[in-house]
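Examining the three-dimensional arrangement
One-letter residues, chain by chain:
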Amino acid sequence: MKKFTLLFLACLFIFSFSNAQINKGSVLLGGGISLATNTYKSSSNESKTKSIWILPSIGLAIKENTILGFRGQYGHSKTNSSPSESLQKDDSYGFGVFLRKYMVLGKNFYLFGEGGAGYNNREYHQSAAPDSRQVVKTNSYSINLYPGIAYAVSKKIHLEASINNLVNLAYSSDTYENVTGSSASTSTSKGFSFTTNVSNSVPLTLGFRFVIGK
(Lines give C-alpha, C1' and ligand atoms only; values in the text may rest on other atoms or scores of the structure.)
Protein backbone atom coordinates (compact mmCIF):
# COMPACT_ATOMS: atom_id res chain seq x y z
CA MET A 1 0.00 0.00 0.00
CA LYS A 2 3.07 2.24 -0.13
CA LYS A 3 2.02 3.66 -3.50
CA PHE A 4 -1.26 4.94 -2.01
CA THR A 5 0.58 6.59 0.89
CA LEU A 6 2.92 8.30 -1.56
CA LEU A 7 -0.08 9.45 -3.59
CA PHE A 8 -1.58 11.06 -0.49
CA LEU A 9 1.68 12.83 0.36
CA ALA A 10 1.98 14.03 -3.22
CA CYS A 11 -1.46 15.61 -2.95
CA LEU A 12 -0.30 17.66 0.02
CA PHE A 13 2.98 18.65 -1.63
CA ILE A 14 1.55 19.74 -4.98
CA PHE A 15 -1.34 21.65 -3.42
CA SER A 16 0.50 24.98 -3.24
CA PHE A 17 1.88 24.71 -6.77
CA SER A 18 -1.34 23.98 -8.63
CA ASN A 19 -3.14 26.20 -11.11
CA ALA A 20 -6.91 26.53 -11.43
CA GLN A 21 -8.54 24.24 -13.98
CA ILE A 22 -12.23 24.06 -13.07
CA ASN A 23 -13.94 27.45 -13.21
CA LYS A 24 -16.11 28.87 -10.47
CA GLY A 25 -19.79 28.12 -11.11
CA SER A 26 -19.21 24.82 -12.91
CA VAL A 27 -21.37 21.84 -11.89
CA LEU A 28 -19.85 18.37 -11.55
CA LEU A 29 -22.11 15.34 -11.92
CA GLY A 30 -20.77 11.86 -11.47
CA GLY A 31 -20.22 8.88 -9.31
CA GLY A 32 -18.17 5.81 -8.69
CA ILE A 33 -18.50 2.08 -8.67
CA SER A 34 -16.45 -0.55 -6.87
CA LEU A 35 -16.76 -4.26 -7.68
CA ALA A 36 -14.96 -7.08 -5.91
CA THR A 37 -14.97 -10.86 -5.88
CA ASN A 38 -12.98 -13.13 -3.61
CA THR A 39 -12.69 -16.91 -3.18
CA TYR A 40 -11.15 -18.47 -0.09
CA LYS A 41 -10.31 -22.16 0.09
CA SER A 42 -8.98 -24.34 2.89
CA SER A 43 -8.88 -28.07 3.55
CA SER A 44 -12.29 -27.93 5.25
CA ASN A 45 -14.08 -24.89 3.86
CA GLU A 46 -14.63 -22.76 0.76
CA SER A 47 -16.24 -19.32 0.65
CA LYS A 48 -17.10 -16.96 -2.20
CA THR A 49 -17.77 -13.24 -1.75
CA LYS A 50 -19.20 -10.75 -4.22
CA SER A 51 -19.65 -7.05 -3.46
CA ILE A 52 -20.63 -3.80 -5.15
CA TRP A 53 -20.53 -0.14 -4.12
CA ILE A 54 -22.32 2.65 -6.00
CA LEU A 55 -21.43 6.26 -5.15
CA PRO A 56 -23.39 9.03 -6.98
CA SER A 57 -22.49 12.68 -6.40
CA ILE A 58 -23.17 16.28 -7.49
CA GLY A 59 -20.97 19.27 -6.78
CA LEU A 60 -20.64 23.01 -7.44
CA ALA A 61 -17.33 24.83 -7.97
CA ILE A 62 -17.56 27.52 -5.27
CA LYS A 63 -14.22 28.86 -6.50
CA GLU A 64 -11.64 27.75 -9.03
CA ASN A 65 -10.70 24.10 -8.52
CA THR A 66 -12.70 23.80 -5.27
CA ILE A 67 -15.90 21.75 -5.27
CA LEU A 68 -18.62 21.66 -2.61
CA GLY A 69 -21.15 18.88 -3.08
CA PHE A 70 -23.56 16.17 -2.00
CA ARG A 71 -22.99 12.43 -2.32
CA GLY A 72 -24.87 9.20 -1.72
CA GLN A 73 -23.85 5.56 -1.47
CA TYR A 74 -25.26 2.07 -1.73
CA GLY A 75 -23.39 -1.11 -0.93
CA HIS A 76 -24.19 -4.81 -1.07
CA SER A 77 -22.08 -7.90 -0.43
CA LYS A 78 -22.89 -11.60 -0.17
CA THR A 79 -20.75 -14.52 1.03
CA ASN A 80 -21.63 -18.19 0.60
CA SER A 81 -19.67 -20.88 2.42
CA SER A 82 -19.60 -24.63 1.95
CA PRO A 83 -19.98 -27.31 3.17
CA SER A 84 -21.34 -25.38 6.18
CA GLU A 85 -23.97 -23.73 3.94
CA SER A 86 -23.65 -20.49 5.90
CA LEU A 87 -24.71 -17.21 4.33
CA GLN A 88 -23.65 -13.62 5.03
CA LYS A 89 -25.35 -10.56 3.56
CA ASP A 90 -24.35 -6.94 4.09
CA ASP A 91 -26.44 -4.01 2.82
CA SER A 92 -25.93 -0.31 3.43
CA TYR A 93 -26.94 3.13 2.21
CA GLY A 94 -25.92 6.65 3.13
CA PHE A 95 -25.56 10.31 2.17
CA GLY A 96 -23.35 13.26 3.03
CA VAL A 97 -21.54 16.44 1.98
CA PHE A 98 -17.98 16.85 0.71
CA LEU A 99 -15.32 19.40 -0.17
CA ARG A 100 -12.82 18.53 -2.92
CA LYS A 101 -9.67 20.33 -4.08
CA TYR A 102 -8.09 19.56 -7.46
CA MET A 103 -4.35 19.98 -8.09
CA VAL A 104 -2.56 19.92 -11.44
CA LEU A 105 -0.31 16.90 -12.01
CA GLY A 106 0.37 17.22 -15.74
CA LYS A 107 -1.42 17.52 -19.05
CA ASN A 108 -4.98 16.30 -18.48
CA PHE A 109 -4.02 14.66 -15.15
CA TYR A 110 -4.98 15.92 -11.69
CA LEU A 111 -4.51 14.85 -8.12
CA PHE A 112 -7.29 15.63 -5.69
CA GLY A 113 -7.96 15.50 -2.00
CA GLU A 114 -11.47 15.17 -0.60
CA GLY A 115 -12.94 15.50 2.87
CA GLY A 116 -16.54 14.85 3.84
CA ALA A 117 -19.09 14.13 6.53
CA GLY A 118 -22.04 11.79 6.28
CA TYR A 119 -24.59 9.33 7.64
CA ASN A 120 -24.71 5.60 6.95
CA ASN A 121 -27.23 2.85 7.68
CA ARG A 122 -26.04 -0.76 7.57
CA GLU A 123 -27.80 -4.11 8.07
CA TYR A 124 -25.79 -7.33 8.32
CA HIS A 125 -27.30 -10.84 8.30
CA GLN A 126 -25.52 -14.11 9.02
CA SER A 127 -27.17 -17.52 9.07
CA ALA A 128 -25.34 -20.74 9.94
CA ALA A 129 -28.37 -23.04 9.94
CA PRO A 130 -32.12 -22.77 9.31
CA ASP A 131 -32.77 -22.06 13.00
CA SER A 132 -29.68 -19.96 13.76
CA ARG A 133 -29.02 -16.39 12.65
CA GLN A 134 -27.50 -13.08 13.68
CA VAL A 135 -28.63 -9.61 12.60
CA VAL A 136 -26.61 -6.45 13.21
CA LYS A 137 -28.12 -3.02 12.50
CA THR A 138 -25.85 0.02 12.55
CA ASN A 139 -26.40 3.77 12.30
CA SER A 140 -23.20 5.79 11.99
CA TYR A 141 -21.97 9.34 11.47
CA SER A 142 -18.50 9.86 10.04
CA ILE A 143 -15.82 12.28 8.88
CA ASN A 144 -13.37 11.01 6.25
CA LEU A 145 -10.44 12.03 4.07
CA TYR A 146 -9.03 10.41 0.94
CA PRO A 147 -6.88 11.10 -2.14
CA GLY A 148 -7.37 10.27 -5.78
CA ILE A 149 -6.23 10.91 -9.33
CA ALA A 150 -8.33 12.17 -12.28
CA TYR A 151 -7.84 12.24 -16.03
CA ALA A 152 -9.67 14.73 -18.28
CA VAL A 153 -10.82 12.78 -21.32
CA SER A 154 -12.25 16.09 -22.53
CA LYS A 155 -13.28 19.42 -21.02
CA LYS A 156 -16.60 17.83 -20.04
CA ILE A 157 -15.59 14.33 -18.86
CA HIS A 158 -13.16 13.29 -16.11
CA LEU A 159 -12.29 9.70 -15.20
CA GLU A 160 -10.90 9.07 -11.72
CA ALA A 161 -9.56 6.49 -9.29
CA SER A 162 -9.58 6.98 -5.52
CA ILE A 163 -9.08 5.23 -2.20
CA ASN A 164 -12.27 5.79 -0.20
CA ASN A 165 -12.03 6.31 3.57
CA LEU A 166 -8.25 6.38 3.74
CA VAL A 167 -8.75 8.15 7.08
CA ASN A 168 -12.09 7.80 8.86
CA LEU A 169 -13.50 9.00 12.21
CA ALA A 170 -16.95 7.66 13.09
CA TYR A 171 -19.59 7.42 15.81
CA SER A 172 -21.88 4.41 15.58
CA SER A 173 -24.85 2.83 17.33
CA ASP A 174 -25.29 -0.92 16.92
CA THR A 175 -28.15 -3.33 17.68
CA TYR A 176 -27.43 -7.08 17.79
CA GLU A 177 -30.09 -9.77 17.48
CA ASN A 178 -29.16 -13.44 17.95
CA VAL A 179 -31.62 -16.27 17.34
CA THR A 180 -30.92 -19.93 18.06
CA GLY A 181 -33.85 -22.29 17.84
CA SER A 182 -36.67 -20.89 19.97
CA SER A 183 -34.45 -18.53 22.00
CA ALA A 184 -33.52 -14.96 21.06
CA SER A 185 -31.42 -12.20 22.60
CA THR A 186 -30.86 -8.51 21.82
CA SER A 187 -28.06 -6.14 22.82
CA THR A 188 -26.80 -2.68 21.87
CA SER A 189 -23.51 -0.78 21.81
CA LYS A 190 -22.34 2.76 21.03
CA GLY A 191 -18.93 4.27 20.50
CA PHE A 192 -16.33 6.11 18.44
CA SER A 193 -13.79 4.61 16.04
CA PHE A 194 -10.79 5.86 14.09
CA THR A 195 -9.47 3.86 11.14
CA THR A 196 -6.80 4.26 8.46
CA ASN A 197 -7.12 1.95 5.48
CA VAL A 198 -3.51 1.31 4.46
CA SER A 199 -3.62 -2.37 3.57
CA ASN A 200 -3.77 -4.17 0.23
CA SER A 201 -7.39 -5.08 0.95
CA VAL A 202 -8.54 -1.48 0.37
CA PRO A 203 -10.58 -1.43 -2.83
CA LEU A 204 -9.65 1.05 -5.55
CA THR A 205 -12.82 2.88 -6.55
CA LEU A 206 -13.24 3.92 -10.18
CA GLY A 207 -15.45 6.90 -11.00
CA PHE A 208 -16.30 9.66 -13.43
CA ARG A 209 -17.37 13.30 -13.47
CA PHE A 210 -19.28 15.35 -16.03
CA VAL A 211 -18.29 19.03 -15.92
CA ILE A 212 -21.25 21.24 -16.82
CA GLY A 213 -21.22 25.02 -17.20
CA LYS A 214 -18.38 27.50 -17.24
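This text goes with the structure placed above it.
Note on numbering: residues in each chain are counted from 1, in written sequence order. Local features in this predicted model are restricted to residues of pLDDT 70 or higher, and side-chain atom pairs are both shown and tallied only at a pLDDT of 80 or more, whereas totals for entire chains, interfaces and linings draw on every residue. With hydrogens and water set aside, each side-chain value is computed from the structure's full complement of heavy atoms.

The next subject is the environment of Gly207. Runs of H or I in DSSP of at least four residues are treated as helices and runs of E of at least two as strands, each being numbered from the N terminus. Looking at the element boundaries, Gly207 is found in strand β10 (residues 205-212). Note on classification: 1.4 Å probe, protein chains only; a residue is buried when its accessible area is under 20% of the maximum for its type, exposed when over 50%, partly exposed between these limits. Owing to a relative accessible area of 12%, Gly207 belongs among the buried residues under this scheme. The criterion used for residue contact is that any of the two residues' heavy atoms lie within 4.5 Å. Setting aside anything within four residues of it in sequence, one finds Gly207 in contact with Gly31, Gly32, His158, Leu159 and Glu160.

On to the pattern of salt bridges, then. Salt bridges are identified by distance alone: a Lys or Arg side-chain nitrogen within 4 Å of an Asp or Glu carboxyl oxygen. Scanning all chains against the criterion turns up six salt bridges. Measuring nitrogen to oxygen at the nearest pair gives 2.6 Å for the salt bridge that ties Arg71 to Glu114. Separated by 43 residues along the polypeptide, Arg71 in strand β3 (residues 66-82) and Glu114 in strand β5 (residues 109-129) bring together distant segments of the chain. When salt bridges that share partners are traced, they join Arg71, Arg100, Glu114, Glu160 and Arg209 into one network.

Residues qualify for a patch when their relative accessible area is over 30% and they have no salt bridge, like charges being joined within 9 Å and the nonpolar side chains of Val, Leu, Ile, Met, Phe, Trp and Tyr within 5 Å. All accessible areas in this document rest on Shrake-Rupley with a 1.4 Å probe, and a residue is counted as covered only by the protein chains that are shown. The charged-residue count follows a simple rule in which Lys and Arg add positive charge and Asp and Glu add negative charge, with His and chain termini not counted at all. Charge placement uses NZ in Lys and CZ in Arg. For Asp and Glu, CG and CD serve respectively. Taken together, the side chains of Lys41, Lys48, Lys50, Lys78 and Lys89 make up a positively charged region of the molecular surface. For Lys41, the position within the fold is in strand β1 (residues 27-41).

It is worth spelling out the nonpolar core at this point. Among the buried residues, those of types Ala, Val, Leu, Ile, Met, Phe, Trp, Tyr and Cys that are joined through side-chain atoms within 4.5 Å form a nonpolar core. Within the largest apolar cluster, 14 residues are counted, with the highest numbers of intra-cluster contacts made by Ile22, Leu28, Ile67, Tyr102, Tyr110, Phe112 and Ala150. Within the residue set of this core, elements represented by two or more residues are β4 (87-106), β5 and β6 (132-152). If one sorts the elements of this core by residue count, β6 sits on top with three residues.

For the rest of this paragraph, the subject is the pairing of strand β7 (residues 157-162). DSSP-based pairing: two strands are paired if at least 2 bridges between them are found. Of the strand pairs in this sheet, β6 and β7 are connected by five bridges, and their pairing is antiparallel. When the sheet's bridge partners are listed, Tyr151 is paired in β7 with Leu159. The hairpin turn running from β6 into β7, its antiparallel successor, is four residues long. Relative to β10, β7 runs antiparallel, the two sharing six bridges. Directly across from Ser162, in β10, lies its bridge partner Thr205.

This part is about the packing of aromatic side chains. Between 30 and 60 degrees the pair is tilted, below 30 it is stacked and above 60 it is edge-to-face, where a pair is any two Phe, Tyr or Trp rings, Trp via its six-membered ring, whose centres lie within 6.5 Å. For the structure on display, the rule yields seven aromatic pairs. Consider the rings of Tyr102 and Phe112, whose centres lie 5.8 Å apart with planes at 55°: the pair is tilted. Of the two residues, Tyr102 is situated in strand β4 and Phe112 in strand β5; the sequence distance between them amounts to ten residues. Accessibility classification places Tyr102 together with Phe112 in one group, the buried group. Ring centres of Tyr119 and Tyr141 lie 5.3 Å apart, and the angle between their planes is 50°; on these two criteria the pair is classed as tilted. Linking Tyr119 in strand β5 with Tyr141 in strand β6, this pair joins segments that are 22 residues apart in sequence. The exposure class assigned to Tyr141 is partly exposed, which follows from its relative accessible area of 48%.

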